[in-house]
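# Structural features, examined
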Amino acid sequence: MSATDAGSADTAVRIAAAVRAGERSALDVLEGHLARIDSAEADVHAFNLVTIDSARAAARAIDERVAAGEDPGPLAGVPIALKDNLCTRGVATTCSSRILEGWVPPYDATVVERVWASGAVPVGKTNLDEFAMGSSTENSAFGVTRNPHDLTKVAGGSSGGSAAAVAAGFSPIALGSDTGGSIRQPAALCGVVGVKPTYGLVSRYGLIAFASSLDQVGPFATTVADAALLLEAIAGHDPADATSIPQEAPRLLERLDEGVQGLRVGIVSELMGDGIHPDVLARVREAAEALAAAGATVEEVSVPAVTYGLSAYYLIAPAEASSNLARFDGVRYGLRVDGATTQEMMVNTRTAGFGDEVKRRIMLGTYALSAGYYDAFYGQAQKVRTLICRDLDAAYERFDVLLSPTSPTTAFDVGAIHDPLTMYLNDICTIPTNLAGHPAASVPFGTGADGLPVGVQVLAPALGEIPMFRAAAVLEAAAPAKGAHP
Amino acid sequence: MSRITRDDVAHVATLARLELDPERIETFTSQLAAILEHAEDVEALDLAGVPPTSHPYELVNVLRPDEVGATLPNEEALAAAPQAESGRFRVPTILGEAP
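This next bit is on the overall build of chain B. Along its length, chain B carries four helices and two strands. Walking chain B from its N terminus toward its C terminus, one meets helices and strands in the order α-α-α-α-β-β. A compact globule built from 99 residues would reach a C-alpha radius of gyration of about 13 Å, whereas chain B, at 23 Å, exceeds it by more than 25%. With the principal axes as the frame, chain B shows a C-alpha extent of 55 × 45 × 25 Å. The burial tally for chain B puts 18% of its 99 residues in the buried class.

Rendered as structure tokens:
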């Protein structure tokens, strides 16, 4: 059983060029994607909400602007799916949580404003693990998203809906958010490109916060060029986000064809052993060979502190989450379950509104921050974060980019993992990047023996998007036949 | 480090404004214990002299010009409120009934 139809879908680069030139109508492009949604969404469940009417109105407006001689922008007429933790003015935003069910934000996230301003056509809000806490999109209050390559498998998470939407051809591009791997891991499992940009390169304004020092918005696409196109559109300084880096968006598309001649590539030894499936390891080694064949120098490199990444992350991220999610108290928006006093109302609201995984992480974070444990857990984890930054910095003195698996395995069965800690191990290769604030991309590179997609991760130092995309483009060109789509 | 107990979990739930039934407290106690046990590798490290990293990309004193800009109108800010009254968010009793 599969629902992938990406082969018949066009890329964002080609759609935008044709729409801008008046050769294709944005409405026709949209209707093709709505037809795919209509035929397969019931099986995949990528969306919490499909905004058909506003998408048609947006596509018509694009066509009118082209007819009037205007240029609607670099994403002209390109359908895009938005993760449902990005605020959309006038359109319900739920974080896949009961506590925000029915909430309609009064403003757009900066990235949403920017995709509108680039001429893109938002088609809907995609499913996620509640508040982006999870690695399988099974923790959604509104049902599981399934992998378009095999509907018995998970799509990964937490941005599983965005990954599945792109893999199923519902939209050529999508936005997700990545706190510990939530763009890259579902991209790997769904066989699409996913990029977590440098922390601060893309505005977080209007992204509903999970762990503020780790969260970053980024693109999903079927091609590396489409991911670059979307990242160019959303990146760049935003005064509304105090952590936004005050510089312009990098020019990525014009650099994609530069190749990797002379590029120094390090394979992270610590992420190439225990717990990684042999098929995944084999694809990463083949990817390294492909880069070497294209002129890169490839060596193994030890980055010892990454082995502590998982432990540090699962103290830091829940600690930040426990603070961020304190705002959901039934007072200003979202669910309210009444009580005799305000405190009782808050307890009743949060108890009814949050799912188990969110409660677990709030509890873990509250504990890690509480008196007597702060130094042992949260303080210690922040010091480990320093070690990870130092070890990665040392590696980047000798290498331009690093290579590793994205996910330890291919997509697993829906319902297969019950134990929280086992689920957390999915993030072992992706977490170090978030702790360091660096960029990383997952590029599809062949399949496992099970026929399911494998993703290879390209890591780069802060603001190293250009070499990262150059390496990603070479991997894309060298990847085993795209007929990987079953 | 001693293992997290049921009493710890019950206490933390109170701090976090969550109500957990006894069964849930039991489950969370063992799950949180397993996660914290995994974190013992971090707890055991000697990190004296290592500074903490709270933020990956250091930006200092990010300020904007002190100029009044556009803000959400009162009605829009209250539009999603479960209860509002006289331009304010309405909540149940906080301090007890007035005499």
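Picking up after the structure, the text goes on.
This part covers the sheet that holds strand 10 (residues 297-301) of chain A. Residue and element names in this part refer to chain A. With respect to topology, eleven strands assemble into an open sheet ordered 1-3-2-6-8-7-12-13-11-9-10, the strand pairing being mixed. Whereas interior strands pair on both sides, the edge strands pair on one side only; in this sheet they are strand 1 (47-50) and strand 10. Each strand of the sheet is rotated relative to its neighbour by a mean of 25 degrees, with strand direction disregarded. Bridge count between strand 2 (residues 79-83) and strand 6 (residues 173-177): three bridges; the pairing is parallel. Pairing of Ile 80 across the sheet is with Ile 173, part of strand 6. Contacts from helix 5 (residues 160-167) reach strand 1, strand 2, strand 3 (121-126), strand 6, strand 7 (193-196) and strand 8 (217-221) within the one sheet, and its direction differs from that of strand 6 by about 165 degrees. Against the sheet, helix 8 (residues 278-293) contacts strand 9 (264-268), strand 10, strand 11 (401-405), strand 12 (440-447) and strand 13 (453-459), and its axis sits at roughly 155 degrees relative to strand 11.

Time to look at the nonpolar core. General note: in soluble globular proteins, nonpolar side chains tend to be found buried as a group. Judged by nonpolar contacts, the single largest core of 178 residues is most densely connected at Ile80(A), Val121(A), Leu291(A), Val458(A), Ala471(A) and Leu475(A). Sequence-distant contacts of Ala471(A), defined by excluding residues within four places in its chain, comprise Val260(A), Leu263(A), Val265(A), Leu291(A), Val401(A) and Val458(A).

This part covers the interface of chain B and chain A. The partner chain A presents 55 residues to the 45 residues of chain B that form the contact. Elements with a contribution of two residues or more to the side of chain B that touches chain A: helix 1 (6-15), helix 2 (22-38) and helix 3 (40-43) of chain B. Broken down by class, the residue content of the side of chain B that touches chain A amounts to 32 nonpolar, six polar and seven charged.

Procedures and definitions
- Numbering of residues starts from 1 in each chain and follows the order in which that chain's sequence is written.
- Lettering of chains starts at A and numbering of ligands starts at 1, both following the order in which they are written.
- Only residues with pLDDT of 70 or above have their local features reported here, since the model is predicted, and side-chain atom pairs are shown and tallied only from 80 upward, although totals for entire chains, interfaces and linings are computed over all residues.
- Helix and strand definitions here come from DSSP, where helices need a minimum of 4 consecutive H or I residues and strands a minimum of 2 consecutive E residues; each element is numbered from the N-terminal end.
- Using C-alpha atoms as the atom set, the radius of gyration is obtained and then compared with a globule rule of 2.2 Å times the number of residues to the power 0.38.
- Between the buried cut of 20 or more and the exposed cut of 12 or fewer other C-beta atoms within 10 Å of a residue's own C-beta lies the partly exposed class, and all C-beta atoms are placed from the backbone.
- Strands were regarded as paired on the criterion that DSSP finds at least two bridges between them.
- In this description, a line fitted to the C-alpha atoms serves as the axis of each element, helices being fitted only across the stretch in contact, and the angle between N-to-C directions of two axes falls anywhere from 0 to 180 degrees.
- With C-beta atoms placed from the backbone, a contact is any residue pair whose C-beta atoms sit within 7 Å.
- Here, a nonpolar core denotes buried Ala, Val, Leu, Ile, Met, Phe, Trp, Tyr and Cys residues that are linked to one another through C-beta atoms within 7 Å.
- Only Asp, Glu, Lys and Arg are considered charged in this grouping, and only Ala, Val, Leu, Ile, Met, Phe, Trp, Tyr, Cys and Pro are considered nonpolar; every other residue, Gly among them, is considered polar.

The values reported here are purely geometric and, on their own, carry no functional implication.
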